[in-house]
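# Residue-level structure breakdown
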Protein chains: 2
Amino acid sequence: MVELDLNSDVHWMAEALREAQKAFDKGEVPVGAVVVSGNKIIGRGHNLTEQLNDVTAHAEMQAITAAANYLGGKYLQGCTLFVTLEPCVMCAGALYWSQVSRIVVAAADSKRGYSLHGNLLHPKTRYEQGLLANDATDLLKRFFTQMRHSKS
Amino acid sequence: MVELDLNSDVHWMAEALREAQKAFDKGEVPVGAVVVSGNKIIGRGHNLTEQLNDVTAHAEMQAITAAANYLGGKYLQGCTLFVTLEPCVMCAGALYWSQVSRIVVAAADSKRGYSLHGNLLHPKTRYEQGLLANDATDLLKRFFTQMRHSKS
């Protein structure tokens, strides 16, 4: 029997996917994020741009703000952000300011991903991409398929 | 006697400077912004990153969110953002998503300005820079001089 490591990257990314599912259930583009520090989630967020009528209400922005609120300080050194889709330019800029130590991404975003504009992240931030990418992509595909059907 | 055009760019930038002064008075890096639509301010903001412990609490972010809230929609087509300092990458990314029609900036930011990373703005967004730049720069200089003195 395989033992589930509750503190593994896969576990935290599954939590980010759970956040993405919440967005999906609300009719939002399904992207989710969690901020982890000391083997604990200290900030969560999912895309709420439609519900809040606010282009800044991306999953990462909310997770960053929640984590800083939890810590009582605005810097996220020592923290890892898990997010189901590659951050956009806005979120990469916010992550730069946060000085987050590590970012783990599931799926790449070939249209709006920050990496299309070079490396916008903080030089001290480690970046990894591809963890549970298929799950994140499947959820996004299901969302856009559903959107197209509901419009036709 | 020169008549003051209440709907001129100078007038709106003076309002953005007034927001920057509010940030100054709270011990925040003095940057201010207003969003104008139909000769009316529909969103205001000043930097509150320290008070809110939140790296995302830049003047532009708050002005965008306030304007979208006023409009009941997340897009700022037909609106102009006046801001006292060149937007950073995060704010440029947010302005991209907002599809704001025009951005008028006072001072350039040679260290953290978005333009160091190429053009991150929406192709339909018009951009102008330099209006009341000296006033914006003077306020920033006064702030950093004061900071240095309070630390020594």
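Scroll up to find the structure.
Here we summarise the structure given alongside this text. (Residues numbered from 1 in each chain as written. Chains lettered and ligands numbered in written order. Predicted model: local features only at pLDDT ≥ 70, side-chain atom pairs only at ≥ 80, totals over all residues. Heavy atoms only, no water.)

### What about the overall build of chain A?
Rules: A run of H or I in DSSP counts as a helix once it spans at least four residues, and a run of E counts as a strand once it spans at least two, with each numbered from the N terminus. For this measure, only C-alpha atoms enter the radius of gyration; the expected value for a globule follows 2.2 Å times N^0.38, where N is the number of residues. When accessible area is computed with a 1.4 Å probe and restricted to protein chains, residues below 20% of their type maximum are described as buried, those above 50% as exposed, and intermediate ones as partly exposed. Note on areas: these come from Shrake-Rupley sampling with a 1.4 Å probe, and a residue is covered only by the protein chains present in the view.
Helix and strand content of chain A: four helices and five strands. In chain A, the succession of helices and strands from N to C terminus is α-β-β-α-β-α-β-β-α. The C-alpha atoms of chain A give a radius of gyration of 15 Å, which matches the 15 Å a tight globule of 152 residues would have. If one aligns the C-alpha atoms of chain A with their principal axes, the spans along those axes are about 45 × 45 × 30 Å. Looking at the 152 residues of chain A, the share that counts as buried comes to 51%. In the structure as shown, chain A presents an accessible area of about 7,400 Å², 51% of it carried by carbon and sulfur atoms.

### Overview of the sheet that holds strand S3 (residues 80-85) of chain A
What holds strands together in a sheet is hydrogen bonding between their backbones, with the strands either parallel or antiparallel. Residues and elements named next belong to chain A. The following threshold applies: When DSSP finds two or more bridges between two strands, those strands count as paired. To define axes, lines are fitted to C-alpha atoms, for helices over the stretch in contact only, and angles between the resulting N-to-C directions are given on a 0 to 180 degree scale. Throughout, a contact is declared for two residues whenever any of their heavy atoms are within 4.5 Å.
In space, the five strands of this open sheet follow the order S2-S1-S3-S4-S5, with mixed pairing throughout. Both outer strands of the open sheet, strand S2 (41-46) and strand S5 (126-129), are each paired with one neighbouring strand and no more. Across the sheet, the mean angle separating the axes of adjacent strands is 15 degrees when strand polarity is ignored. The pairing of strand S1 (residues 32-36) with S3 spans four bridges and is classified as antiparallel. Note that in S3 the partner of Val-36 across the bridge is Thr-80. Sheet strands in contact with helix H2 (residues 59-71) are S1, S2 and S3, and its direction is about 155 degrees off that of S2.

### Side note on the packing of aromatic side chains
The following threshold applies: We call Phe, Tyr and Trp rings a pair once their centres come within 6.5 Å, taking the six-membered ring for Trp, and we label the pair stacked below 30 degrees between planes, edge-to-face above 60, and tilted otherwise.
As enumerated under the stated definition, the model contains eight aromatic pairs over all chains in all. Geometrically, the ring pair formed by Tyr-96 of chain A and Trp-97 of chain A is edge-to-face, given 5.6 Å between the ring centres and 85 degrees between the ring planes. The partly exposed category is assigned to Trp-97 of chain A, whose relative accessible area is 23%. Judged by centre distance (5.2 Å) and plane angle (80 degrees), the rings of Phe-143 of chain B and Phe-144 of chain B are edge-to-face. A relative accessible area of 36% means that Phe-144 of chain B is categorised as partly exposed.

### Quick notes on the packing of H2 of chain A against helix H3 (residues 89-98) of chain A
Working note: a packed helix pair is described by the angle between its axes plus the distance between those axes. Residue and element names in this part refer to chain A. We count it as follows: Our angle categories are set so that under 35 degrees counts as roughly parallel, over 145 as roughly antiparallel, 65 to 115 as roughly perpendicular, and the remainder as oblique. Left-handed describes a crossing whose near helix is turned anticlockwise from the far helix through less than a right angle; right-handed describes the clockwise counterpart. Residue polarity is assigned by list, with Asp, Glu, Lys and Arg as charged and Ala, Val, Leu, Ile, Met, Phe, Trp, Tyr, Cys and Pro as nonpolar; anything else, Gly included, falls into the polar class.
Two numbers describe how H2 lies on H3: the axes approach to 9 Å, and their chain directions differ by 20 degrees. Classified by the angle between their axes, H2 and H3 sit roughly parallel to one another. In this structure, H2 meets H3 at a crossing whose hand is left-handed. Residues Glu-60, Met-61 and Ile-64 of H2 form the contact with H3, whose participating residues are Met-90, Cys-91, Ala-94, Leu-95 and Ser-98. Taken together, the residues that form the contact of H2 with H3 break down as six nonpolar, one polar and one charged.

### Digging into unusual backbone geometry
Note: most peptide bonds trans; most residues except glycine with negative phi. All names here are of chain A. One non-glycine residue, Gln-99, lies in positive phi territory at about 55 degrees. In this structure, Gln-99 sits in the loop between H3 and strand S4 (102-107). Judged by relative accessible area, Gln-99 falls into the partly exposed class, the value being 25%.

### Examining the nonpolar core
Which entries qualify depends on this criterion: Take the buried residues of types Ala, Val, Leu, Ile, Met, Phe, Trp, Tyr and Cys, join any two whose side-chain atoms come within 4.5 Å, and each joined set is a nonpolar core.
Leu-81, Phe-82 and Met-90 of chain A together with Leu-81, Phe-82 and Met-90 of chain B are the most contacted members of the largest nonpolar core, which has 80 residues in total. Look past the residues within four positions of Phe-82 of chain A in its chain and what remains in contact with it is Asp-9, Trp-12, Met-13, Ala-16, Gly-32, Ala-33, Val-34, Val-36, Arg-102 and Val-104 of chain A.

### Some thoughts on helix H4 (residues 133-151) of chain B
All names here are of chain B. Test applied: Between the first and last residue of a helix there are one fewer steps than residues, each counted as 1.5 Å, and that sum is the expected span. Arc definition: it is the arc formed by the directions from the helix axis to the C-beta atoms.
The terminal C-alpha atoms of H4 lie 27 Å apart, and with 19 residues this matches the ideal 27 Å at 1.5 Å per residue to within 8%. If you check which residues of H4 are buried, you get Ala-133, Ala-136, Leu-139, Leu-140 and Phe-143. The buried residues of H4 occupy one face: seen down the axis, they fall within an arc of 140 degrees. Facing away from the buried surface of H4 by more than 90 degrees, the exposed residues are Asn-134, Lys-141, Arg-148 and His-149. Packed against the buried residues of H4 are helix H1 (9-25), strand S3 (80-85) and strand S4 (102-107).

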